[in-house]
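Chain and residue survey
In case you want the letters, here they are:
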There are 2 protein chains.
Amino acid sequence: MAKRVGKYSVQLEKQINMVGGAAIVGKLEKEGPLGEYFDYALEDDLWNEDSWEKAETKMFYEATRMAVKNSGLMAEDIQLMMGGDLLNQLIAAGFAARQMDFPFLGLYGACSTMAESLIVGSMAIDAGFAQRVACCVTSHFSTAERQYRTPLELGTQRTPTAQRTVTGAGASVLAGEGIGPRIKSCTIGKVIDYGVKDANNMGAAMAPAAADTIFNYLTDFDVAPDSFDAIVTGDLGIYGSNLMKEMLAEKGYDLRGVARDCGIEIFSQDQDPHMGGSGCACGATVLNGFLLKKLRARELRRILFVATGALLSPVSTLQGESIPSVAHAVCIEMED
Amino acid sequence: MAKRVGKYSVQLEKQINMVGGAAIVGKLEKEGPLGEYFDYALEDDLWNEDSWEKAETKMFYEATRMAVKNSGLMAEDIQLMMGGDLLNQLIAAGFAARQMDFPFLGLYGACSTMAESLIVGSMAIDAGFAQRVACCVTSHFSTAERQYRTPLELGTQRTPTAQRTVTGAGASVLAGEGIGPRIKSCTIGKVIDYGVKDANNMGAAMAPAAADTIFNYLTDFDVAPDSFDAIVTGDLGIYGSNLMKEMLAEKGYDLRGVARDCGIEIFSQDQDPHMGGSGCACGATVLNGFLLKKLRARELRRILFVATGALLSPVSTLQGESIPSVAHAVCIEMED
């Protein structure tokens, strides 16, 4: 059974391993600095489907299938599936789930959903609800643009603080057996809102939530930032990442040298992503593509994966609301 | 630790109690047959807010607050909150959560979310992630109509198979201590799609998922339907409930006499709800208002609460898709 630590954190006692993962990405992500680490790349936005939404559904389905295969398991070994996406009513996840014979729990934490699913997946294994759990999230640049912003056909200019939604899907298989990087502990985030209203500056909206969750993790466990090889945020981007580091510096934690951000690393500035990548696939593909391989190769031994989500909707933006955000942290360790 | 039973079900070993609950409803729901059982009723759709969405957020917040109070607990006793709603990006839940100091997990299972949150809440307590968990869901007739269907101002006629989204919020506090009806076991549903495409006949779309989950529960535990005082579906409505009973009869299970449906019971036919109530607050308010009181009074001793969700979105409907559905079952027992 897990043990609560401090006010917000949990130490897992049972062995829970990431026995496999998979990352599917779009063309631009494949051409980025981490391209070689992803399992599969789409050649175009549609992947032989007749809508972007169907392509996104297919990414969710195929990433889950690949993660199960990469774990050396069969589909029938999976006892529970969970995850989500950014589409209204989670249609990518829901429609992918109807093609699979797994009990399914839909989760929504915007771009924090990968971390949320690792936490709920660990909970399920720790509680004995399942021995092997598939966790998957997906996002798609084109479906996100038309749902959250403007039709792509308008060719709207992005503002300087904008980020680019990652097209991709990342899936992890967690198991209470086998080998692989181990989920050691976590901090579940509170919803934080500092009053940022600019839906084109989600890094600024999410930075306070990331800072709060990282602060809670570090103080609950009484550890220093450099006890990690990397504290990896999901998609704060350049601006949000700097803000988060400043906020933590004010509280006495120096994250320089240890903070990394999937949104910054997935694209190079030559690719014109503005502040970096975003979307729940941003953290999920970097985790299941790049970080998982680095952990397995023991080039990273202990990371804190902190996925952040902006809980806005186009309706709340039109109604003049600010953007509440949440961040969940998961400590992943590769043992000898 | 919980024990897996059969292929889809889980038997909880640890004591997990519904130590308190609360239900807030709209005016029409208050005037319905179960009106006296609800904790609070709105006088109009706005509840002194300037949008229906804000009224829905307020219902989520206040129902959670009331459930904590009804449990004899203080806000600071709650270690984890989870839940969701039907709005895009779960803004009712997310915006309510920013007003509270609880770690928060967003869940989406459409109208099955109350059962999903009882399951994930039980998981969290069983795994030791939290000792006291607040689970809440909300829906609102007016926000749902304009998001899923047509602007209310159009005065569109509903089809005969339509249901009416319940305005309300239902919250439960689960604890690994205290007294109250006990969560004994559960079945997590698979996503099922029989090809129904009519978004005005969600009972028909959800009936196969309800039948599948109930069948899995009964066969996994090898019990007869009449081992329950009631098998209570969330919002199948008249048409969907009959379909579900027929489907189970074909598989050898007779649910006559034991099947009840929150969607049928929350409105009387005089109130013109067509097939009955729907929305995630339908099951949630009937559970936390009516059923919880009947369990406490020992007028019901053992129920199977089966909330069903239709995982459609307006986008998937416009793209010609059918409606995948899911149902989760929770066995709740009042001991001596």
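Residues numbered from 1 in each chain as written. Chains lettered and ligands numbered in written order. Predicted model: local features only at pLDDT ≥ 70, side-chain atom pairs only at ≥ 80, totals over all residues. Heavy atoms only, no water.

**A short note on the interface of chain B and chain A**
At the junction of the two partners, chain B supplies 62 residues and chain A supplies 62 residues. When chain B packs against chain A, the two sides together hide about 5100 Å² of surface, and 62% of this comes from carbon and sulfur. Its largest share of buried area at the contact with chain A, chain B owes to Q89, R98 and F129 of chain B, together 17% of the area lost on that side. Scanning the region where chain B abuts chain A turns up eight salt bridges. The partner of E321 of chain B in a salt bridge is R98 of chain A, and the shortest N-O contact between them spans 2.9 Å. (Contact = heavy atoms within 4.5 Å. Buried area = accessible area lost by both parts, 1.4 Å probe. Salt bridge = Lys/Arg side-chain N within 4 Å of Asp/Glu carboxyl O.)

**Focus on the pairing of strand 9 (residues 168–175) of chain A**
Residue and element names in this part refer to chain A. In terms of burial, strand 9 is largely enclosed, as eight of its eight residues are buried. Of the two faces of strand 9, the one carrying G168, G170, S172 and L174 and the one carrying A169, A171, V173 and A175 are both buried. Pairing analysis gives eight bridges linking strand 3 (residues 17–25) to strand 9, with the strands arranged antiparallel. Looking across to strand 9, one finds that G21 is bridged to S172. In this structure, strand 7 (residues 132–139) lies alongside strand 9, joined through eight bridges in antiparallel fashion. Of the residues in strand 9, the one forming a bridge with S139 is G168. (Buried < 20%, exposed > 50% of the residue type's maximum accessible area, 1.4 Å probe, protein only. Helix = DSSP H or I, 4+ residues; strand = E, 2+ residues; numbered from the N terminus. Pairing = 2+ DSSP bridges.)

**A look at the domain arrangement of chain A**
A common way to report how large an interface is uses the accessible area buried once the components associate. Residues and elements named next belong to chain A. Looking at chain A, the domain boundaries give domain 1 (3–175) and domain 2 (182–333). Placing a centre on the C-alpha atoms of domain 1 and another on those of domain 2 gives a separation of 17 Å. With 65 residues of domain 1 in contact, the opposing surface of domain 2 contributes 60 residues. Where domain 1 abuts domain 2, roughly 5100 Å² becomes buried across the two surfaces, and 63% of that area is made up of carbon and sulfur atoms. Where D39 meets K293, a salt bridge forms, and the shortest distance between an N and an O atom there is 3.9 Å. (Domains from an automatic or database assignment.)

**A closer look at the pattern of salt bridges**
Counting across every chain of the model gives 42 salt bridges over all chains. Here D101 of chain A makes a salt bridge to K7 of chain B, at a shortest N to O gap of 3.3 Å. Highlighted residues: D101 of chain A in the loop between helix 3 (91–97) and strand 6 (104–106) and K7 of chain B in the loop between strand 1 (3–5) and strand 2 (9–11), drawn from two different chains. Its relative accessible area of 48% is what places K7 of chain B among the partly exposed residues. Salt bridges sharing common partners tie together K7, K190 and D212 of chain A together with D101 of chain B.

**Brief notes about the environment of S139 of chain A**
All names here are of chain A. Position of S139 relative to the elements: it lies in strand 7. Distance from S139 to E299, taken between C-alpha atoms, is 28 Å for residues 160 residues apart in sequence. A distance of 3.1 Å separates a polar atom in the side chain of S139 from the backbone nitrogen of A281. (Polar contact = N/O pair within 3.5 Å; in protein donor to acceptor, adjacent residues only side chain to side chain.)

**Looking at the layout of surface pockets**
Residues and elements named next belong to chain B. Size it by volume and the largest pocket reaches roughly 360 Å³. Taken together, 19 residues make up the lining of the largest pocket; nearest its centre are E145, R149, T150, R158 and N200. Among the elements of the structure, helix 5 (141–148) and helix 10 (314–318) are those that each provide at least two residues to the lining of the largest pocket. Examining the composition of the lining of the largest pocket, we find that three residues originate from one element, helix 5, more than from any other. Its residues placed into classes, the lining of the largest pocket shows eight nonpolar, eight polar and three charged. Of the domains in this structure, domain 1 (3–175) and domain 2 (182–333) are the two that each give at least three residues to the lining of the largest pocket. (1 Å grid on protein atoms, 1.4 Å probe; cavity = no way out; pocket = protein on both sides within 12 Å on 5 of 7 lines; lining within 4 Å. Points joined across faces, edges and corners; volume = space filled by probe spheres on them. Nonpolar A, V, L, I, M, F, W, Y, C, P; charged D, E, K, R; others polar.)

**Focus: the environment of G178 of chain A**
Residues and elements named next belong to chain A. Considering the arrangement of structural elements, one finds G178 in the loop between strand 9 and strand 10 (182–187). A sequence separation of 26 residues divides G178 from A204, and the C-alpha atoms of the two residues are 40 Å apart. Setting aside residues no more than four positions away along its own chain, G178 makes contact with Q15, N17 and V19.

**A look at the relation of the copies chain B and chain A**
If you rotate chain B by 180° and push it 0.0 Å along the axis, it lands on chain A with an RMSD of 0.0 Å. Given the turn and translation reported, the copies of this chain are related as if by a two-fold rotation axis. Mapped onto chain A, 100% of the interface residues of chain B are again interface residues, and the two copies thus contact each other with one and the same surface. (Least-squares fit on C-alpha atoms with pLDDT ≥ 70 in both.)

**Overview of the side chain of Q271 of chain A**
All names here are of chain A. With respect to the secondary-structure elements, Q271 resides in the loop between helix 8 (262–266) and strand 13 (277–278). Among the residues examined, Q271 registers a relative accessible area of 15% and is labelled buried. Excluding anything up to four places from it in sequence, Q271 contacts L28, E31, G32, P33 and I266.

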